[in-house]
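Chains, contacts and geometry: an overview
Read off the chains here:
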Amino acid sequence: MEESETFLHNGWYVIAMSQEVTRDLLPRMVLNEPLVMYRTQAGVPVVLEDYCPHRLLPLSKGCVVGDGVQCGYHGMQFDPNGHCINIPGEERIPRDLKVRRYPVVEKHRWIYAWMGKPELADPKLIPEYADPTESAGWHHVSGLFPARCNYLLILDNIMDLSHLAFVHAGSVGDASIADKAVVETSTQGDRVRVVRRTCNVPAASTYAHFGKYRGNIDRWQVTEYAPPAFFLVNNGSKPTAPTPPSEGDVSGNGMWGFQVYHAITPETENTSHDFWTIGAPVEMLPADAREKFKNTMEGILDEDRGVYDAQQKAVEAKSPLGRAGRVQSRIALKGDKALVAARRVLQTKINADRRGVAGK
Amino acid sequence: MEESETFLHNGWYVIAMSQEVTRDLLPRMVLNEPLVMYRTQAGVPVVLEDYCPHRLLPLSKGCVVGDGVQCGYHGMQFDPNGHCINIPGEERIPRDLKVRRYPVVEKHRWIYAWMGKPELADPKLIPEYADPTESAGWHHVSGLFPARCNYLLILDNIMDLSHLAFVHAGSVGDASIADKAVVETSTQGDRVRVVRRTCNVPAASTYAHFGKYRGNIDRWQVTEYAPPAFFLVNNGSKPTAPTPPSEGDVSGNGMWGFQVYHAITPETENTSHDFWTIGAPVEMLPADAREKFKNTMEGILDEDRGVYDAQQKAVEAKSPLGRAGRVQSRIALKGDKALVAARRVLQTKINADRRGVAGK
Amino acid sequence: MEESETFLHNGWYVIAMSQEVTRDLLPRMVLNEPLVMYRTQAGVPVVLEDYCPHRLLPLSKGCVVGDGVQCGYHGMQFDPNGHCINIPGEERIPRDLKVRRYPVVEKHRWIYAWMGKPELADPKLIPEYADPTESAGWHHVSGLFPARCNYLLILDNIMDLSHLAFVHAGSVGDASIADKAVVETSTQGDRVRVVRRTCNVPAASTYAHFGKYRGNIDRWQVTEYAPPAFFLVNNGSKPTAPTPPSEGDVSGNGMWGFQVYHAITPETENTSHDFWTIGAPVEMLPADAREKFKNTMEGILDEDRGVYDAQQKAVEAKSPLGRAGRVQSRIALKGDKALVAARRVLQTKINADRRGVAGK
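Report on the accompanying structure. (Residues numbered from 1 in each chain as written. Chains lettered and ligands numbered in written order. Predicted model: local features only at pLDDT ≥ 70, side-chain atom pairs only at ≥ 80, totals over all residues. Heavy atoms only, no water.)

Details of unusual backbone geometry
Quick reminder of the rule: Going along the chain from the N terminus, every DSSP run of H or I of four or more residues is numbered as a helix, and every run of E of two or more is numbered as a strand.
In this structure, Pro-228 of chain A follows Pro-227 of chain A across a cis peptide bond, with omega equal to -5°. Along the chain, the position of Pro-228 of chain A falls in the loop between strand 14 (217–226) and strand 15 (230–239). Despite not being glycine, Arg-109 of chain C shows a phi value in the positive range, around 60°. Summarising the element assignment, Arg-109 of chain C is placed in the loop between strand 9 (104–107) and strand 10 (110–114).

Some thoughts on the interface of chain A and chain B
The condition that has to hold: Contacts between residues were defined by any pair of non-hydrogen atoms, one from each residue, lying within 4.5 Å. Note: buried area is the sum, over both parts, of the accessible area (probe 1.4 Å) each one loses when the two are combined. Salt bridge criterion: a side-chain nitrogen from Lys or Arg within 4 Å of a carboxyl oxygen from Asp or Glu. Nitrogen and oxygen atoms within 3.5 Å of one another constitute a polar contact, given that in protein one can donate a hydrogen and the other can accept it, and given that sequence-neighbouring residues count only through two side-chain atoms. Residue polarity is assigned by list, with Asp, Glu, Lys and Arg as charged and Ala, Val, Leu, Ile, Met, Phe, Trp, Tyr, Cys and Pro as nonpolar; anything else, Gly included, falls into the polar class.
The partner chain B presents 29 residues to the 23 residues of chain A that form the contact. Taking both partners together, chain A and chain B bury about 2,200 Å²; carbon and sulfur atoms supply 59% of that area. Of all residues in chain A, Arg-55, Leu-56 and Tyr-73 of chain A give up the largest surface area on contact with chain B, accounting jointly for 34% of the area buried on that side. The interface formed by chain A and chain B includes 3 salt bridges. With a shortest N-O distance of 3.0 Å, Lys-334 of chain B and Glu-91 of chain A are connected by a salt bridge. Here chain A and chain B share 10 residue pairs in polar contact (both at pLDDT 80 or more) between them. Taken together, the residues of the side of chain A that touches chain B break down into 12 nonpolar, 6 polar and 5 charged.

A closer look at the relation of the copies chain C and chain A
Put simply, the test is: Each copy is superposed on the other by least squares, with the fit set by C-alpha atoms of residues at a pLDDT of at least 70 in both.
When chain C is brought onto chain A, the operation consists of a screw motion whose angular component is 120° and whose axial shift is 0.0 Å, with 0.1 Å RMSD remaining. The transformation just described matches what one would write down for a three-fold rotation axis. It is Glu-316 of chain C whose C-alpha, among those of chain C, lies nearest the rotation axis, at 12 Å.

Considerations on the sheet that holds strand 10 of chain C
Backbone hydrogen bonds are what pair the strands of a sheet, in a parallel or an antiparallel way. Residues and elements named next belong to chain C. Heads up, the rule is: Strand pairing is defined by DSSP finding a minimum of two bridges between the two strands. Helix axes are fitted only over the stretch in contact, all axes being lines through C-alpha atoms; the angle between N-to-C directions runs from 0 to 180 degrees.
Here 3 strands make up an open sheet; going across it, the order is 1-10-9 and the pairing antiparallel. Only two strands of the sheet have a single neighbouring strand rather than two, namely strand 1 (12–17) and strand 9. With direction set aside, neighbouring strand axes in the sheet form an average angle of 30°. Where strand 1 and strand 10 come together, 5 bridges link them in antiparallel fashion. Bridge pairing in strand 10 links Met-17 to Trp-110.

Describing the pairing of strand 17 (residues 272–281) of chain B
Two faces make up the sheet, and in a regular strand the side chains alternate between them. All names here are of chain B. What counts is decided by this rule: We call a residue buried when its accessible area falls under 20% of the maximum for its residue type, exposed when it is over 50%, and partly exposed in between, using a 1.4 Å probe and counting protein chains only.
Extensive coverage of strand 17 is indicated by the burial of 10 of its 10 residues. Going residue by residue along strand 17, you find Ser-272, Asp-274, Trp-276, Ile-278 and Ala-280 tucked away on one face and His-273, Phe-275, Thr-277, Gly-279 and Pro-281 tucked away on the opposite face as well. Where strand 11 (residues 138–147) meets strand 17, 10 bridges bridge the pair, whose relative direction is antiparallel. Each bridged residue has a counterpart across the sheet, and for Pro-146 the counterpart in strand 17 is His-273.

Some words on the pattern of salt bridges
Once the charged atoms of two side chains with opposite charge are near each other, the side chains can pair. Residues and elements named next belong to chain A. Evaluation of the coordinates by the stated rule reveals 57 salt bridges over all chains. Its salt-bridge partner being Glu-247, residue Arg-197 comes within 3.6 Å of it at the nearest N-O pair. Linking Arg-197 in strand 13 (residues 191–201) with Glu-247 in helix 5 (residues 247–250), this pair joins segments that are 50 residues apart in sequence. The class of Arg-197 is buried, set by a relative accessible area of 11%. Looking at Glu-247, the relative accessible area reads 43%, which means it is partly exposed.

Spelled out as structure tokens, the structure:
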């Protein structure tokens, strides 16, 4: 189908925060497919296609009955595997009467669903992520933000952090982030890693405030991408020193820093779900600083969403370019290296997907 | 035209309630065609296409002048037959300057229009309907409700009343309506009749309240379909008896019951006009019960409209299925027998229509 | 491109009122192209395409820096000619990295842009217009009104002023304007001129009020069209006389009258910008009459916009006719002569445009 050519189907996607999925039915559109979620009596999350096969009423308009779901129109019941187990008034249940069931994993306080062929759904393909929410030493804030854009525009954003100098100039960015950063990009298998070191620069306002810096700092941003669309950005800083931050330095947060994790899930070709978690070591974020940290970080995500919205509208209006997936091919800048690499990794997997090869 | 393939053009449709059509111009979209209605000085209803042929301004933006209508842009006047009778500032009126006139019949307190070839517009093709509004012995409520769906989804709803058990579980339905009904479907010419008998069951709440039942009841629902989309549902009940309700019983209302009549008119492929009348014998609905009866019935229609809206959105989203007209072909259940029969009757007429054969 | 076949690209269009264009960025859609405007430090207006070529973020989301504009995403800077002059973090600027610049002329208190090939942008092609705003002897009101229609529907409106009898019956029109006018249409080169003389008629209410007429009047309306879509309407009147108003009379305003100027600029195929100025000789409009004059004139423009909106919706709904550009070809009336002539002039230029010939 033309509309879904930018989607990798054989992949895990975060489709909900754990606390959103209860004994009530929760509908959500993912990769243009309507899903409905709930938990069984034992608390196991279930994800089904959100259509009754009889007359297409969304199952989410019905209710949970036992461990299954009952359509709100003529009462058909389906078990957690999607098999029809009751049709009021009928003696016989057609053998092929079922709804699609999606493989599910609950991890990192999120619900992951596999959107491709069920037999390929290997939980080991979910990227490792040392969830700060589960580590005693981290304070975190998290949420789900809707983004009015194709998910690849978010990939572009995160893989080129020079935008902090302009989009987030009032908080985590200043001109030096674009002008002075030394950037290294590397690809290993299907992972892309970008290390940005910006040395001997004034602390951007958020760093000055929370890190209590008085002089110049060295700063690093390490972005790790895993397909389809998982992004871990480790941010750290310390007072400037004669030698740039080492590999050891950049794997931690130095004197002050934080981690940003995005699990981006396409909703449609033009809209996305941004599941995000931002955490900082508790000693870098005392209790009285947390409210302001949360507001600052949510403000930053809002600034990005303003960009996405305007950029997506432009992409849709500009017919000769057409699709968000092709925006990046127009000019090649040094700063685009990481996002080009990440898109290439993803496109390779999408192409393999289309040829029917496993997404591994 | 692809978009109108589910419409029967050579057919009568209710396009307004009598009281809506006055000396003011009333616009309404019917079968994707814009109509404008008014009454002549003698009170005769007139239905014209709602475009001035000169510059396409809707005639409904103009005004009634005498027995005709005057365009609000350059003042062209058309008589009730749609012929242009005046063009300000012009000496000559082009011979072919006219707007389309639709054959009209006023009956059952409704305005019917014939949407196909005028020469085929036989008033006898309007289904007989013993309008409770005109019989002294009946109390009625009626109205026009917009439905956000293709009209065939309404046909499906009314022809399979097992949905009362789920959509209307709080009023006229309970589980027995789906589980225990004995259903007989018959087709005669272009009419489809379904008789549902549900015996020795507790009275659903609406029946218990208005019928004042204390014990189990026998209940019947008789639906009669006439194309394009007229539906009479006769509902009746009585205390349960050793033998099921007879044919004589089910043609009346027993101890308590009511009649529902729907004249469904497509507005577009995705929206419909639901002209409805619900009546009950006056002795079954004393004056102090009527307000609650009206509220109950309108609540039930609202529940159906919630289903239509969700179902239509699902139909539009689910591209492989595409059109509302094809929803019904997916699986064949016993409960679908009547709606399959009604759709078949209608499709036969639509096919004949397309081949240019009279719709009789 | 199919969608723009009714647009003349090699032409001047008013895209803003002078006072709208400042040191802040102003976005506006013109001929389906997104433009961004601002002034240099010296006050010179600049018009660029409103896309950053890097990732398509509208430049209007960025800011003015010096005489250029800086993208709000990654900080690319462009000079007033559209050339990229800085990319933060990059040593090299790709040679072809630029945004489209549009030729600009500031005149008549408006900003004109040339939407076609820059080398054909001859300022002399802007129609002469004795802007009443710049003459000491005139009082004027002016503005920019959005119109929800293809710009050709506005052309049709202005070139056939018989509509005053119906659309503006409460102010500048009465039946005589349609019934009694003697109309002469002439075409010279790419200009179309229509003279309407309506003699010995009661004064329409606006004329009676402002002109203080007690008896019948002679009235004239002279419309001059210049492509793509400039319209000057000179209105005048005097007490009725035995001989009709002379050529000399109709070039002035007589005892009471006013001028209306419209510069119509397509926004999209379905929407337009109506830049308008209405002026009257100061002696015909004493200070205490000006508020009412302004309200009357804006009310008239609102009445026209009501027609445009309804007409455009009808054009879009009526698929067999399809496009606004073709509405006029259906029937040929005497009153349509001027608009047919104006459309022919314009179509000739559009055709030449398409063949790559200069628009002169």
